[in-house]
Amino acid sequence: MAKMWAGRTDGQVDKIADDFNSSIHFDCRMFRQDIKGSSAHAAMLAKQGIIAEEEADTLINGLEGILSDLESGKLEFDMTAEDVHMFIEQELTARLGEVGKKLHTARSRNDQVALDIRMYLRDEIEEILEKINSLVLVITDKAQEYKKTIMPGYTHLQRAQPITFGHHLMAYAMMLLRDIDRLNDCKKRMNQSPIGACALAGTTYNTDRRFEAEKLGFDGICENSLDAVSDRDFCLELMSTFSILMMHLSRFSEEIILWSSCEFKFVELSDAFTTGSSIMPQKKNPDMAELVRGKTGRVYGDLFALLTTLKGLPLAYNKDMQEDKESVFDAVDTVKACLDVFKGMLEGLKANEANMKKAAGAGFINATDLADYLVKKGLPFRSAYKISGSIVADCIVKNIVLEDVALADYKKYSDLFENDVYKEIDLTTCVEKRISEGGTSFQSVEKQIAFIRKRIK
Ligand code: ARG
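Everything in this summary refers to the structure shown in the same document. (Residues numbered from 1 in each chain as written. Predicted model: local features only at pLDDT ≥ 70, side-chain atom pairs only at ≥ 80, totals over all residues. Heavy atoms only, no water.)

### Structural notes on the overall build of the protein
For the protein, the helix and strand inventory stands at 19 helices and six strands. In terms of C-alpha radius of gyration, the protein reaches 31 Å, well past the compact-globule figure of 23 Å for 457 residues. Structurally, the protein occupies a C-alpha span of about 100 × 50 × 40 Å along its principal axes. Summarising the internal contacts of the protein: among those between residues at least 6 apart in sequence, 75% fall at separations of at least 24. In the structure as shown, the protein presents an accessible area of about 21,800 Å², 53% of it carried by carbon and sulfur atoms. Charge separation in the protein, taken as the distance between the mean sites of 59 positive and 72 negative side-chain charges, equals 6 Å. (Helix = DSSP H or I, 4+ residues; strand = E, 2+ residues; numbered from the N terminus. Rg over C-alpha atoms; globule rule 2.2 N^0.38 Å. Contact = heavy atoms within 4.5 Å. Areas by Shrake-Rupley, 256 points an atom, 1.4 Å probe, with all protein chains shown as cover. Lys, Arg positive; Asp, Glu negative; His and termini not counted. Charge placed at Lys NZ, Arg CZ, Asp CG, Glu CD.)

### Topic: the site of the ligand
Taken together, S23, D27, D83, H85, R109, N110, V113, Y317, Q322 and K325 make up the full set of residues adjacent to the ligand. Contact between the ligand and D83: a nitrogen atom at 3.0 Å from a side-chain N or O atom of the residue. Here the ligand loses 85% of its free accessible area of 340 Å² to cover by the protein chains. Broken down by element, the residue count for the shell around the ligand peaks at three residues, all from helix α6 (residues 109-145). Residue classes in the shell around the ligand are distributed as two nonpolar, four polar and four charged. (Near = heavy atom within 4 Å. Polar contact = N/O pair within 3.5 Å; in protein donor to acceptor, adjacent residues only side chain to side chain. Nonpolar A, V, L, I, M, F, W, Y, C, P; charged D, E, K, R; others polar.)

### Some points on the packing of aromatic side chains
For the structure shown, the criterion picks out 13 aromatic pairs. Their ring planes at 10° and their centres at 5.7 Å tell us that Y373 and F417 sit as a pair that is stacked. You can see Y373 sitting in helix α14 (residues 367-376) and its partner F417 sitting in the loop between α16 (407-413) and α17 (421-424), a full 44 residues away along the chain. By relative accessible area, Y373 is classed as buried at 3%. Residue class for F417 comes out buried when judged on its relative accessible area of 0%. Three or more aromatic residues joined by ring pairs make a cluster, and in this case those are Y373, Y410, F417 and Y422. Note that K47 overlies the ring of F211, its terminal NZ or CZ placed 5.0 Å from the centroid. In this structure, R382 packs its charged tip against the face of Y385, placed 4.9 Å from the ring centre. (Phe/Tyr/Trp six-rings, centres within 6.5 Å; stacked < 30°, edge-to-face > 60°. Buried < 20%, exposed > 50% of the residue type's maximum accessible area, 1.4 Å probe, protein only. Lys NZ or Arg CZ within 6 Å of the ring centre and 35° of its normal.)

### Digging into the packing of helix α11 (residues 287-310) against helix α12 (residues 324-347)
A pair of packed helices can be characterised by two numbers: the angle between their axes and the separation between those axes. Where α11 contacts α12, the two axes come as close as 9 Å, and the packing angle between them is 160°. As far as their axial angle goes, α12 and α11 are roughly antiparallel. Seen along the crossing, α11 lies across α12 with a hand that is left-handed. The segment α11 lies against α12, with M288, A289, V292, K295, R298, V299, D302, A305 and L306 engaging D324, S327, D330, A331, T334, V335, C338, V341, F342 and M345. Split into classes, the residues belonging to the contact of α11 with α12 amount to 12 nonpolar, two polar and five charged. (Axes fitted to C-alpha atoms, helices over the stretch in contact; angles between N-to-C directions. Parallel < 35°, antiparallel > 145°, perpendicular 65-115°, else oblique. Left-handed = near helix turned anticlockwise from the far one by under 90°.)

### Some points on the nonpolar core
L121, F165, L249 and I256 are the most contacted members of the largest nonpolar core, which has 72 residues in total. Those elements giving two or more residues to this core turn out to be α6, α7 (165-190), α10 (233-260), α11, α12, α13 (353-362) and α19 (442-455). Look past the residues within four positions of I256 in its chain and what remains in contact with it is V267, L269, A289, F342, M345, L346 and L349. If you look at the next biggest cluster of nonpolar residues, it comprises 25 residues, including I24, C28, I35 and V99. (Core = buried A, V, L, I, M, F, W, Y, C linked by side-chain atoms within 4.5 Å.)

### Quick word on α6
Look at α6: 53 Å from first C-alpha to last across 37 residues, which is about the 54 Å you get at 1.5 Å a residue. Put simply, S108 is the residue that caps the front of α6, since its side-chain oxygen is 2.8 Å from the backbone nitrogen of N110. (Expected span 1.5 Å × (residues − 1).)

### Some remarks on the environment of H85
Tracing the backbone shows H85 in helix α5 (residues 84-96). Not counting chain neighbours up to four residues away, the residues in contact with H85 comprise D27, M30, D34, R109, Q112, V113 and D116.

### Here's the deal with the pattern of salt bridges
A complete count under the given rule lists 41 salt bridges for this structure. With a shortest N-O distance of 2.9 Å, E71 and R32 are connected by a salt bridge. Of the two residues, E71 is situated in helix α4 (residues 53-72) and R32 in helix α3 (residues 31-47); the sequence distance between them amounts to 39 residues. Residue R32 is classed as partly exposed on the basis of its relative accessible area of 41%. Among the salt bridges present, the one from R434 reaches D369, with a minimum N-O distance of 3.0 Å. You can see R434 sitting in the loop between α18 (427-432) and α19 and its partner D369 sitting in helix α14, a full 65 residues away along the chain. (Salt bridge = Lys/Arg side-chain N within 4 Å of Asp/Glu carboxyl O.)

### Quick word on the pairing of strand β2 (residues 158-164)
As paired elements, strand β1 (residues 150-155) and β2 share six bridges and run antiparallel to each other. What sits directly across from I150, in β2, is T164. The turn linking β1 back onto β2 is made up of two residues, and H156 within it adopts a positive phi angle of 55°. (Pairing = 2+ DSSP bridges.)

### Some thoughts on the side chain of D369
Under the relative-accessibility criterion, D369 is labelled buried at 9%. The residues touching D369, leaving out its near neighbours within four places in the chain, are E424, I425, C430 and R434.

### What to know about unusual backbone geometry
In this model, L315 is joined to A316 through a cis peptide bond whose omega is 0°. Positive phi outside glycine occurs at K265, with the angle close to 50°. Inspection of the secondary structure puts K265 in the loop between α10 and β5 (267-268). A relative accessible area of 42% places K265 in the partly exposed class. The residue F364 is not glycine, and still its phi comes out positive at about 55°. Along the chain, the position of F364 falls in the loop between α13 and α14.

Here it is, written out as structure tokens:
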């Protein structure tokens with residue numbers, strides 16, 4: 001069949017070329033946005049006297065009919081159409097005859113596709129924001145539950161200082177809160193309308209771009225028509241934001257994977273979010289966390305694919321830009337799936353408080369507190385640090401922990417040591433006393449939870 005744009009050529013495209021060129025199998029997901037955009041366009045054309053009011057009404061009714069038929073499944077996408085825009089226009093003309101051919105006045109597929117992607121992503125961002133919000137709430141609930149659960153805090157993956165599991169979890173809530181902020185920021189810049197830029201140069205018709213933009217819920221219009229049709233920064237920005245979000249989920253996944261290992265045994269995932277092995281009967285694998293970690297690479301890949309596609313593209317529209325959609329759609333789908341599975345996985349996660357406590361008790365993670373004890377009694381920190389280090393070294397030789405050292409032995413290092421040292425190096429004291437803002441004390445974690453709950457409605 002000859003293409004709608006037949007004229008300059010006979011519109012007979014080779015089958016291989018046609019399949020290669022076609023984007024309907026992936027851009028069909030933007031049909032709602034395409035129809036909404038077209039209805040606003042028809043209304044604008046009528047308001048400006050470019051088409052008659054009745055013609056606009058006919059077009060809008062026709063478009064609504066197509067929308068409901070697509071929603072109900074009565075109408076199926078014609079996969080031989082070049083893209084979703086051509087398909088809908090073709091269908092409209094088939095239904096309405098001559099008047100259908102008026103819709104594409106004073107626009108081009110170049111501004112139309114730019115409009116559709118912005119509208120589509122805008123909707124997706126809302127959904128993703130909700131998913132992150134509910135994940136953050138699950139995290140804060142867990143943090144509340146485990147706000148007094150002591151575990152070792154690590155640096156270099158070496159036991160460092162005692163913290164609570166609640167405090168550790170809240171670190172992820174803070175990361176996700178920044179992701180929410182970044183998404184909102186990204187949404188703001190995305191919400192400028194490109195429609196009316198036409199092919200690249202604007203139009204000779206007396207159009208009203210701002211009317212159309214407002215009708216579609218945009219905050220304003222893209223001010224330069226060349227930029228309007230060739231800009232995909234909003235896709236890149238979104239995928240950068242997704243990449244950072246996925247990096248956060250990946251770090252969290254990595255910890256869950258480590259913590260579920262026999263070596264750590266800090267947490268246990270619910271059966272519903274783990275898998276078994278086909279050969280090793282004892283296995284309970286954290287596949288969901290591993291997949292989230294793995295899919296992070298995929299989202300980075302989506303970002304890099306589009307960055308590379310856009311690099312060096314001359315203005316304005318080039319067909320290369322059709323490649324934007326598969327990357328950004330894949331990133332959207334992946335992020336949504338990861339957020340859903342992560343939430344479910346986390347809801348079922350149980351901490352093994354005894355093992356956490358045991359690990360916290362074994363690694364001299366109160367050595368800093370021992371040094372601080374001497375500092376509070378008047379010793380300069382460096383000297384106190386040295387004494388505390390020597391005591392740890394001696395303990396390692398004797399295979400004991402700081403709590404086992406007799407007061408008489410402590411006194412051999414410094415006569416500042418008194419009986420109150422044992423209370424001071426008790427892990428609960430160590431945690432409770434870290435009351436500096438943002439620290440691991442119970443009250444500080446409570447404050448962090450309140451802060452997040454206030455930000456997340
Ligand atoms: N399917 C195309 C895309 O996704 C729509 C724009 C086509 N414009 C053009 N002049 N061929 O980019």
